[in-house]
Amino acid sequence: MSATVNVSVARKLVQLAAFVFLVYGSVVVGFYTADKISGAFPALSCAYDFQNADYCVLIPFQHQMAHRVGHAVVEGSSLLMSLVPVITTLGTFLLLFVLLNKAFCGWICPLGFFQEMLHMLGQKLGLQRVESLSTRTVDRLRPVKWAALAILVFGLPLLSGLGFVSHDLVGAYCNLCPSRILTTLAVGDTTQLYYDGANPVLMVWSVTADFLFGFIIALSLTVRLPFCRVCPMLALHAAFRKLGLLRLVKAATPRCEKCGICAKACPMDIREIHTEMRKKDVTFADCTLCGRCVEFCPDQGVLSLKYAGFPVFTSSAEYFKRRRKAQKEWEQSTLRAWWRKRRAAPAAKEA
Amino acid sequence: MRYRTFTPALLALLLSSACLAAPESSGFDAGARQPKPSGHAAHQARGAKTLMLENAEGASIRLWKPDLTSAPLAAEHGHITLRPTGLGNYHAIVVEQDWGTAKDVLIRYEYMNGKPSGRSPAELTAAVKTEFEIVPDPLPREHARYIAGRPAAFLVRHRGHPAGGVPVTLTTANGTTLQATTDARGRVRFELPDDFAEVKPGRPNNRPAEMQVRSDFQAEGRAYTTILSAQYHVNPRHWQSFGGGVFIALLGMVAGGLTGRRLLKGNGKAEK
C-alpha cells in the first residue's frame with residue numbers, strides 16, 4: 001500500500017470536499033437562509049459565512065434560548081410553545097446526526113480539517129510535536145466542552161433573554177467560535193476579525209475570540225486538534241452518540257493490555273480505547289470516529305467501525321503493517337529532512 | 001378623472017419609515033412604528049409593522065407573501081399596516097399608481113416573522129410583480145441588512161426581462177446621491193455611502209436610515225418610474241477595529257506557540 005492509499009488519506013479528501021462544500025456551498029444550495037440544507041447542521045458550518053451551505057445547530061439553539069424561551073418566561077407566555085422551535089431544531093439535528101454520528105466531527109467539520117491541516121504543516125516544517133497530551137491535561141480538558149455547551153450555548157443566551165445579562169450575549173458561543181473567523185476569512189470577508197470597543201462585554205468577547213483564534217492556529221502546529229477537545233459541538237454529539245448508526249466497536253483480547261498503540265494513534269488522546277476491556281461500543285464522548293485507532297490496531301478484528309451493526313472498516317495485521325510503513329515514510333518526509341539531504345548530497349559527492 | 005399629482009420628488013416619500021432621517025427621538029425602527037427595541041429588532045418584531053405612505057390616493061397596493069400569493073392592502077391615514085401573515089421571511093409591498101401614459105411604482109421588501117414558509121426569497125425576487133421593477137440582487141440574507149460602505153446590487157427588469165443601459169439613482173436620507181447605469185444583464189452595483197453624520201459605538205445605538213433606488217424607463221409609449229426603498233445601517237467598522245483584531249490574534253499565536261512548547265517539555269513525549 002502506498003502512502004496515498006489509506007483511510008486517513010480518504011478521510012482528508014472527504015474533509016476537503018466537506019470544507020469546500022460547507023464554506024462555499026451557497027453556489028450549489030442557494031444564498032438565503034431558507035435555501036440551506038437543514039439550518040441545524042451537526043458541524044461548525046458557520047452562519048456568518050455568507051457563502052456557506054448550511055448553518056451549525058449551535059446558532060439556532062442560542063437564539064431560541066434567548067428570543068423564545070427567555071422571552072416566554074419574561075412575558076409569562078407558554079413555555080411549552082417556546083420550546084417547539086428548540087425541539088424542531090433538535091429533531092432536525094438528530095435526523096442528520098444519526099447518519100454519521102460523531103463522524104461529523106472527524107470527517108466533516110471545517111474547523112477540525114483546518115486544525116489537522118495546520119498539524120500536518122507543523123510536521124512538514126519539521127516542528128517537534130506533542131505526541132499525546134498527559135493524562136492530567138486530558139482529564140482537565142474533558143469537562144470544558146460540557147461547560148462550553150451548558151454556559152455558552154444554552155446558559156448565557158437564556159440569561160440574556162431573561163434580561164439578567166447583556167443582550168450582546170445572545171450569541172455567546174458564536175462570538176467566541178474560531179470557525180466564525182476562519183470560514184469568513186476563507187471567503188475573503190474580514191468583518192469577523194475585529195476588536196470591538198463598543199462596550200465592556202463586546203470588548204471582552206472580541207478580544208477572547210481573536211486571541212483564541214490565534215492561539216488555536218499556533219497550537220495546532222504542534223498539538224493535535226486543540227480546539228476540538230473543548231468544542232461544545234463535541235459535547236452535543238457525546239450526549240446523543242448512542243443514537244448514531246456509525247460506532248467504534250472493540251472486541252478486546254488479552255493482547256490489548258500490553259499494546260496501547262490505538263490510544264497513541266488517537267488524536268483526542270482517548271486512553272480508554274486501550275484500557276476498556278469489557279464494553280463493545282467504545283464510541284467515547286471525545287471520539288470523533290476518525291478511524292485512526294482502527295488503522296493502527298495490529299490485531300485482526302479487535303477494533304472496527306460499524307454502520308448499523310455492519311463492519312465497514314476492521315483492524316487487521318496486514319493493514320497495520322502497511323499503514324505503519326506508510327506513516328513512517330510520511331513522518332520522515334519533512335522540509336527539514338529535505339534540506340538536510342540537499343546539503344549533504346554535494347558534500348558526499350566531494351568526499 | 002385622476003391627475004398625476006405628485007412629482008418624482010414627492011414620490012420618493014411614498015413608502016418610508018417614520019424615521020426617514022433616523023432621528024434619535026422618533027422612537028421607530030425597522031421602517032415600522034414600534035417601540036425602540038433593546039436588541040436586534042429583526043428577531044423580536046413578531047407583531048404588526050406600520051409603514052408611511054404618502055400621496056398614494058387611488059393607488060393599488062399589494063402584499064406579496066413568501067409563497068408568492070398576493071393580497072390587496074389598504075392605506076389608512078397615510079399608513080399601511082403589515083399584519084403577520086403567518087409566514088416567516090421576506091414579503092414585498094408593491095404600490096402602483098397608473099396614470100395611463102405613465103406608471104409610478106414603489107416596492108419595498110420587509111422581513112416578517114412567522115412559520116418558515118419553505119420558500120426561498122429568490123422566488124419572491126424572481127416573481128414579476130410589476131412591469132418595470134427594481135429587484136435587490138440579492139436581498140440581504142434573512143437577519144442580515146444593508147450596511148453603509150458595503151456593496152449592494154440591483155436588477156432592473158421590464159416585464160421580467162433585464163433592462164440594460166438604464167440609468168439608476170441611489171439616494172439616501174443622509175443626503176447622498178449616486179448614479180450608475182445597468183449593464184447588459186440589467187444589473188447595477190453601488191457601494192452604499194458611509195454618510196451617517198453621527199455615529200455612536202454599538203449597533204443598537206445607531207438608527208438606520210432610508211435609501212431609495214430609482215429608475216425611469218420608457219417602453220411601448222409609457223413612462224415608468226420605479227423606486228425600491230429599503231433601510232441601510234451604520235457600518236460597525238466605526239467602532240470595530242480589524243487591525244486590533246489582527247494584533248490580538250497575533251498575541252494569541254505567540255501564546256499558542258509558547259503553550260505548545262510548554263506541553264512538549266511537560267509531557268516528555270514528543271515526535272519529530
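Scroll up to find the structure this text is about.
Residues numbered from 1 in each chain as written. Chains lettered and ligands numbered in written order. Predicted model: local features only at pLDDT ≥ 70, side-chain atom pairs only at ≥ 80, totals over all residues. Heavy atoms only, no water.

K.L.:
Let's hear about the overall build of chain A: which residues, and what values?
P.N.:
Along the backbone of chain A there are 15 helices and five strands. Taken along its principal axes, the extent of the C-alpha atoms in chain A is 80 × 50 × 45 Å. The burial tally for chain A puts 56% of its 351 residues in the buried class. Intrachain contacts of chain A at a sequence separation of at least 6 include 70% that bridge at least 24 residues. Entry remark: accessible area of chain A is about 15400 Å², with carbon and sulfur atoms responsible for 67%. Each charge class in chain A was averaged separately, 39 positive and 23 negative side chains, and the resulting centres sit 9 Å apart. (Helix = DSSP H or I, 4+ residues; strand = E, 2+ residues; numbered from the N terminus. Buried < 20%, exposed > 50% of the residue type's maximum accessible area, 1.4 Å probe, protein only. Contact = heavy atoms within 4.5 Å. Areas by Shrake-Rupley, 256 points an atom, 1.4 Å probe, with all protein chains shown as cover. Lys, Arg positive; Asp, Glu negative; His and termini not counted. Charge placed at Lys NZ, Arg CZ, Asp CG, Glu CD.)

K.L.:
Run through the packing of helix α1 (residues 7–24) of chain A against helix α8 (residues 178–186) of chain A, naming residues and quoting values.
P.N.:
Residues and elements named next belong to chain A. Look at α1 against α8: their axes get within 10 Å of each other, and the N-to-C directions meet at 85°. It follows from the interaxial angle that α1 and α8 lie roughly perpendicular. Mapping the contact onto sequence places F19, V23 and Y24 in α1 and L182, T183 and A186 in α8. In the contact of α1 with α8, the residues fall into five nonpolar, one polar and no charged. (Axes fitted to C-alpha atoms, helices over the stretch in contact; angles between N-to-C directions. Parallel < 35°, antiparallel > 145°, perpendicular 65-115°, else oblique. Nonpolar A, V, L, I, M, F, W, Y, C, P; charged D, E, K, R; others polar.)

K.L.:
Tell me what's going on with the pairing of strand β3 (residues 60–64) of chain B, and back it up with residues and numbers.
P.N.:
Residues and elements named next belong to chain B. As paired elements, β3 and strand β7 (residues 87–98) share five bridges and run antiparallel to each other. By the bridge assignment, S60 is partnered in β7 with E96. Note that β3 and strand β4 (residues 70–72) share three bridges and pair antiparallel. If you follow W64 over to β4, its bridge partner there is S70. Here β3 hands over to β4 after five residues, with L68 in that stretch at a positive phi of 75°. (Pairing = 2+ DSSP bridges.)

K.L.:
Describe in detail a nonpolar patch on the surface, supporting the description with residues and values.
P.N.:
All names here are of chain A. There is a patch of nonpolar side chains on the surface, built from L121, L125, L335, W338 and W339 and spanning about 520 Å² of accessible area. The element best represented in the nonpolar patch is helix α15 (residues 335–350), accounting for three residues. Checked against the element boundaries, W338 lands in helix α15. (Patch = residues over 30% accessible without salt bridge, like charges linked within 9 Å, V, L, I, M, F, W, Y side chains within 5 Å. Salt bridge = Lys/Arg side-chain N within 4 Å of Asp/Glu carboxyl O.)

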